[in-house]
Amino acid sequence: MTAIAQPGDDMNHRRPNIASADIQLPSVKDWEQVDRELLAIMKPTGAWFAGLATAILCLGLGVFAFMYQVHQGLGVAGYNPPVMWGVYIITFVFWVGIGHAGTLISAILYLFRAGFRTTIYRAAEAMTVFAVMTAGLFPILHLGRPWKFFWLIPYPNWRLIWPNFKSPLVWDVFAITTYLTISTTFLFVGLIPDIAVMRDREKNPLRKRILSVLSFGWRNTEREWRHFARAYLFLAAFSTPLVLSVHSVVSFDFAMGIVPGWHTTIFPPYFVAGAIFSGFAMVWTIVIPMRRWFNLKHYVTLNHLDASAKMVLFTSLVVGCAYIVEFFIAWYGGVQYEQDYFWNRVFGSWWWAAWIMLTANMILPLSLFSQKLRRNPTWLFILSIAINIGMWFERFVIVVPSLSHDVNPWQWTTYAPTWVDYSILLGSFGWFFMWFLLFVKQMPIMALAEIKEIVPPKMKRSASNRHGGH
Amino acid sequence: MMRGMLGVFAELDSTVDAIEELKERKLGDLTVYTPAPRHELDHAVAAPRSPLRVITLITALLGCVFGYWVAIWASEYWPLVVGGKAISSWLPYTVFGFELFVMVGGLGTVFGMFYLAGIPRITQTVGYDPRFSGEHFGVWCECAPDKLAEAEAILRRHGAVEVRGER
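About the criteria used
- Residues numbered from 1 in each chain as written.
- Chains lettered and ligands numbered in written order.
- Predicted model: local features only at pLDDT ≥ 70, side-chain atom pairs only at ≥ 80, totals over all residues.
- Helix = DSSP H or I, 4+ residues; strand = E, 2+ residues; numbered from the N terminus.
- Rg over C-alpha atoms; globule rule 2.2 N^0.38 Å.
- Buried ≥ 20, exposed ≤ 12 C-beta atoms within 10 Å, placed from the backbone.
- Contact = placed C-beta atoms within 7 Å.
- pLDDT = per-residue confidence, 0-100.
- Nonpolar A, V, L, I, M, F, W, Y, C, P; charged D, E, K, R; others polar.
- Pairing = 2+ DSSP bridges.
- Axes fitted to C-alpha atoms, helices over the stretch in contact; angles between N-to-C directions.
- Domains from an automatic or database assignment.
- Expected span 1.5 Å × (residues − 1).
- Arc of directions from axis to C-beta.
- Parallel < 35°, antiparallel > 145°, perpendicular 65-115°, else oblique.
- Left-handed = near helix turned anticlockwise from the far one by under 90°.
- Core = buried A, V, L, I, M, F, W, Y, C linked by C-beta atoms within 7 Å.

To continue, consider the overall build of chain B. In terms of regular secondary structure, chain B is built from five helices and four strands. In terms of overall size, chain B is more extended than a compact globule, its C-alpha atoms giving a radius of gyration of 25 Å where 167 residues would be expected to give roughly 15 Å. Its C-alpha atoms give chain B principal-axis dimensions of about 80 × 30 × 25 Å. Looking at the 167 residues of chain B, the share that counts as buried comes to 43%. Pairs at least 24 residues apart make up 83% of the contacts formed inside chain B by residues separated by at least 6 positions.

All right, on to the confidence of the model for chain A then. When pLDDT is averaged along chain A, the result is 88; 93% of the residues meet or exceed 70. The low-confidence segment residues 1-21 of chain A (pLDDT under 50) makes 34 contacts with residues lying over four places distant or belonging to another chain.

This paragraph deals with the interface of chain A and chain B. Taken residue by residue, the interface counts 52 residues in chain A and 55 residues in chain B. Looking at the side of chain A that touches chain B, the elements that each hand over two or more residues are helix 2 (31-40), helix 6 (168-201), helix 8 (222-255) and helix 16 (448-454) of chain A. Considering every element that reaches the side of chain A that touches chain B, the biggest residue donor is helix 8 of chain A, with 17 residues. Split into classes, the residues belonging to the side of chain A that touches chain B amount to 26 nonpolar, nine polar and 17 charged.

Considered for burial, the residues of helix 2 of chain A that qualify are Trp31(A), Gln33(A), Val34(A), Asp35(A), Glu37(A) and Leu38(A). Buried-residue contacts for helix 2 of chain A involve helix 6 and helix 16 of chain A.

A word on the sheet that holds strand 2 (residues 28-33) of chain B. Residue and element names in this part refer to chain B. Read from one edge of the open sheet, four strands run 2-3-1-4, paired in antiparallel fashion. Bordering the open sheet on either side are strand 2 and strand 4 (162-166), each of which pairs with just one other strand. The average angle at which neighbouring strand axes cross in this sheet is 15°, direction not considered. Pairing of strand 1 (residues 4-9) with strand 4, which is carried by five bridges, proceeds in the antiparallel orientation.

Looking now at the domain arrangement of chain B. As assigned here, chain B comprises domain 1 (4-47 + 126-166) and domain 2 (52-117). Each of domain 1 of chain B and domain 2 of chain B was reduced to a C-alpha centroid, and the two centroids are 45 Å apart.

Let us look at helix 11 (residues 336-347) of chain A. All names here are of chain A. For helix 11, with 12 residues, the first-to-last C-alpha span of 16 Å sits near the 16 Å given by 1.5 Å per residue. Listed in full, the buried residues belonging to helix 11 are Tyr341, Phe342, Asn344 and Arg345. The arc that holds the buried residues of helix 11, viewed along the axis, is 160°, so those residues lie on one side. Within helix 11, the exposed residues directed more than 90 degrees away from the buried face are Gln336 and Phe347. Residues of helix 11 that are buried sit in contact with helix 10 (302-333), helix 12 (351-363) and helix 14 (377-404).

Residues and elements named next belong to chain B. The element strand 3 (residues 137-143) is largely enclosed, with a buried count of five among its seven residues. With six bridges connecting them, strand 1 and strand 3 associate as antiparallel partners. By the bridge assignment for strand 3, valine 8 is matched with glycine 138. Pairing between strand 2 and strand 3: six bridges, direction antiparallel. Within strand 3, the position partnered with valine 32 by the bridge is valine 139.

Residue and element names in this part refer to chain A. Close contact between helix 8 and helix 9 (residues 267-293) brings their axes to 8 Å; oriented N to C, the two are set at 125°. Relative to helix 9, helix 8 is oriented oblique. Seen from above, helix 8 lies across helix 9 with right-handed handedness. Judged by residue contacts, Leu244, His247, Ser248, Val250, Ser251, Phe254 and Ala255 of helix 8 engage Phe267, Pro268, Phe271, Val272 and Ala275 from helix 9. Here the residues of the contact of helix 8 with helix 9 sort into nine nonpolar, three polar and no charged.

Cis geometry is found at the peptide bond from Pro81(A) to Pro82(A), where omega equals 5°. Considering the arrangement of structural elements, one finds Pro82(A) in the loop between helix 3 (46-72) and helix 4 (87-111). Cis geometry is adopted by the peptide bond preceding Pro120(B), which originates at Ile119(B) and carries an omega value of 5°. If you trace the backbone, Pro120(B) turns up in the loop between helix 4 (90-117) and strand 3. Residue Lys26(B) is not a glycine yet carries a positive backbone phi of 50°. Within the secondary structure, Lys26(B) sits in the loop between helix 1 (12-25) and strand 2. Take Lys26(B): there are 8 C-beta atoms within 10 Å of it, and that puts it in the exposed class. Although it is not a glycine, Ala46(B) adopts a positive phi angle of roughly 55°.

Take the confidence of the model for chain B next. All names here are of chain B. On average, residues of chain B score 90 in pLDDT, and 98% of them reach the 70 mark or higher. For chain B, the element scoring lowest by mean pLDDT is strand 4, at 86; helix 4 scores highest, at 95. If you check the scores for this complex, the pTM reads 0.90 and the ipTM reads 0.92.

Okay, the packing of helix 4 of chain A against helix 9 of chain A next. Residues and elements named next belong to chain A. It is at 6 Å that the axes of helix 4 and helix 9 come closest, and there the two elements cross at 80°. In this view, helix 4 runs roughly perpendicular relative to helix 9, as classed from their interaxial angle. Taking contact as the criterion, the partners of Val96, Gly97, Ile98, Gly99, His100, Ala101, Gly102, Leu104 and Ile105 in helix 4 are, on helix 9, Gly274, Ala275, Ile276, Ser278, Gly279, Phe280, Met282 and Val283.

On to the environment of Asn376(A), then. Here Asn376(A) shows up in the loop between helix 13 (371-374) and helix 14. Counting along the chain gives 70 residues from Asn376(A) to Asp306(A), while the straight-line C-alpha distance between them is 8.6 Å.

Counting 154 residues, the largest nonpolar core has Val96(A), Ala123(A), Met127(A), Phe277(A), Phe280(A) and Val283(A) as the members making the most contacts within it. Residues within four places of Val96(A) in sequence aside, it is in contact with Val132(A), Ala135(A), Val246(A), His247(A), Val250(A) and Ala275(A). If you look at the next biggest cluster of nonpolar residues, it comprises 24 residues, including Val16(B), Ala18(B), Phe132(B) and Ala160(B).

All names here are of chain A. Its place among the elements puts glutamate 450 in helix 16. On the basis of neighbour counts, which here come to 22 C-beta atoms within 10 Å, the residue glutamate 450 falls in the buried class. In sequence terms glutamate 450 and glycine 190 are 260 residues apart; their C-alpha atoms lie 9.4 Å from each other.

Glancing now at the environment of Phe66(A). Residues and elements named next belong to chain A. Tracing the chain through its elements places phenylalanine 66 in helix 3. For the pair phenylalanine 66 and leucine 141, spaced 75 residues apart in the sequence, the C-alpha separation amounts to 7.4 Å. Setting aside its immediate chain neighbours within four residues, phenylalanine 66 contacts Leu141 and Ile424.

As structure tokens, this is what we get:
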């Protein structure tokens, strides 16, 4: 691999970090270095092949379990009436949530000019696309006849039947489809100039031809950049309300049901905050090892991690507040079913799941009040794993205890996932990481053009001599 | 046939100076290349604002109207009253209006950008150098044959690392 500049001390130990979102990259000297270093990490390594093989193995296990389920029926999935939503819906909500941080980082933080996003947004955006691709599979896996999933799409058909547009499940179809379309478009549009960089450096004629097609003949003209910048801005503006709307719509799947623990107006903001929280954790899970393995510490600096840690701390406080408000409303509302449900959630049969959720999502993130821990990548990585687990259990706590402890005591039951559920859950991680690992070695994991905007270009005259006040 | 002079620059301010002088002398149409967007070049070129916002607005509104329409039309097509509720209700149908507002508007924005930026470009064009996606700037001055020498002189005077005529 080409020699890579070492991070400067001034960058990683800047205190107090008032301007923690600042975007200086003092160890990145010029634009040539940006291209050289970021394109060099695209060469496949043995560890990468091992990771890809593991991901494909996990995916294969999931596919096998799904085939078995199709053959045997949904009964093998551990459903126990009335608990007819289990691991699949939990995992669906989990993956949709993971996607949200990517859009937040790439779109909302772009509109707010939060500089720390620049070096992590491409990875986060790719994560969004692959997470939504994963999430979209789960409602289909959950169907008794998965091959009929397209009945939810309104298209002219010989049966003259249309979906029920007042059903939250149809809202989901539109919300997820829009989210996947816009996220993919946003990712691909941002990639076009970078693909042109790869095209211009490629020696292999076949790859060069493919990259020429993928870059749409991009030539870096001022005219192209002018329209590109507007398009990027508008796509960011479109994506911003999507961050809020998609998980709100997902939360309606629950909030529209008259089930204790679900029928509450707090769900949309609660779900959105939780989604951003879990998504940022997954960004850390991906970016922190990448930063270390690819030696990108002078791009993803401690200041960037510190700034993202503040976002995680903030969303953790919002989520924690939502948990407390849920308990408060159950008590204040005076509905006995609701009160019993929440008591059962924390001290009853599902206490272990609730306490995993509360510990991982409310208590452990409080450590981020410490600047020292916010700037400790090892701790952030450990915390990210804990939050990922905690957020999966948050959805478990929403879905399972509610359905298993409904308003009719004679219906109360229990729920235990089977090997099929666990295999498909593992397969979803395999599916996600397979795409992500393929992406890492095919496309630049950081936006070359945006990093070049941070690094000053070469000048003939010194800044003091320059006229025009540029 | 297109004919002109291409200057490759290593420094941003040299490029700006060359653009300003070429514009002042009105030698021909200019195309400026930059590996990353720079405001200095925007000011030097002084190009009009992108009209993309009009395309975005129109396509987004069309998407919104379609979203409401398809939900209302399908409901009225099969008017089954459930629980005494209205056949068509604007509140749940706002989900479709909003989602299609975003989806059609977003796709319209991208296709509008393609149209305005002149991409996809499927044919090879003159006046490009692979260094323009790396760390070099470029100025392509498309002009009449009798003005090529003057354009070349201006590009060289402002420090172009390479100047070449292309057609």
